[in-house]
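Given next are the chains, with one letter for each unit.
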Amino acid sequence: MIAFDAHVLQWTLDDAPPDEHTRHHIKEASYFGVDRWSVDLVLKGNAPLAINFIGIDEAAMWPAKKAAAEAGGAREGSSAMALFEYLDGWLMRETHGRVDVMLLATVGGIVTL
């Protein structure tokens, strides 16, 4: 997902952009084996553009991918899944099962163009 503030004149998305300076959120879900996505933008003005981004590693979601990792899936032995398994056990012990955990391996940040 990316988010940014700008007056977009044109873009390569399905719908036309709003005709004003506003906050934009663009969400894209890829599938296995695809690790790139792009969008072309034409912006009004020439001010620097700060883009907030976040990505989720689809194969490192706990407990959703627990069975795949245990069955020898692509992420068997991944450090994220090993950490999540440890944290899940710790939370189970410490909270006596009162916490329903969901853990995600993510990356995020801001880049200015």
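Description of the structure in this document. All of these numbers come straight from a predicted model, not from anything done at the bench.

On to unusual backbone geometry, then. Looking along the chain, the bond that leaves Trp 62 and enters Pro 63 is cis, with omega of 5°. Among the structural elements, Pro 63 can be located in the loop between strand E4 (50-62) and helix H1 (66-70). Within the chain, His 96 stands out as a residue other than glycine whose phi angle is a positive 55°. Tracing the backbone shows His 96 in the loop between helix H2 (79-95) and strand E5 (103-112).

Turning our attention to the pattern of salt bridges. Close approach of charged atoms allows side chains of opposite charge to pair. The final tally for this structure, using the stated rule, is two salt bridges. The salt bridge involving Arg 23 is made with Asp 5; its shortest N-O contact spans 3.2 Å. Of this pair, Arg 23 sits in strand E2 (residues 21-26) while Asp 5 sits in strand E1 (residues 2-11), and the two are 18 residues apart along the sequence. Judged by its relative accessible area of 36%, Arg 23 falls in the partly exposed class. The shortest N-O distance in the salt bridge between Glu 58 and Lys 65 comes to 2.6 Å.

Turning our attention to H2. When the terminal C-alpha atoms of H2 are compared, their 24 Å separation across 17 residues agrees well with the 24 Å that a helix rising 1.5 Å per residue should span. Burial in H2 covers these residues: Ala 80, Met 81, Phe 84, Asp 88, Leu 91 and Thr 95. Mapping the buried residues of H2 onto a view down its axis gives an arc of 90°, with all of them on the same face. Exposed residues lying more than 90 degrees from the buried face of H2 are Ser 79, Tyr 86 and Arg 93. Immediately beyond the C-terminal end of H2, within one or two residues, lies His 96, with a positive phi of roughly 55°.

With that settled, the discussion passes to the pairing of E1. Counted residue by residue, E1 has seven buried out of ten residues, so it is predominantly covered. In the sheet, E1 pairs with E2 via six bridges, with the strands oriented antiparallel. The residue bridging Ala 6 from the neighbouring strand is Thr 22, located in E2. The pairing of E1 with E4 spans two bridges and is classified as antiparallel. Looking across to E4, one finds that Ala 3 is bridged to Asn 52. As paired strands, E1 and strand E3 (residues 41-43) are joined by three bridges and run antiparallel to one another. Looking across to E3, one finds that Val 8 is bridged to Leu 43.

Here is what the cut-offs are and how they apply
Residues numbered from 1 in each chain as written. Predicted model: local features only at pLDDT ≥ 70, side-chain atom pairs only at ≥ 80, totals over all residues. Heavy atoms only, no water. Helix = DSSP H or I, 4+ residues; strand = E, 2+ residues; numbered from the N terminus. Salt bridge = Lys/Arg side-chain N within 4 Å of Asp/Glu carboxyl O. Buried < 20%, exposed > 50% of the residue type's maximum accessible area, 1.4 Å probe, protein only. Expected span 1.5 Å × (residues − 1). Arc of directions from axis to C-beta. Pairing = 2+ DSSP bridges.

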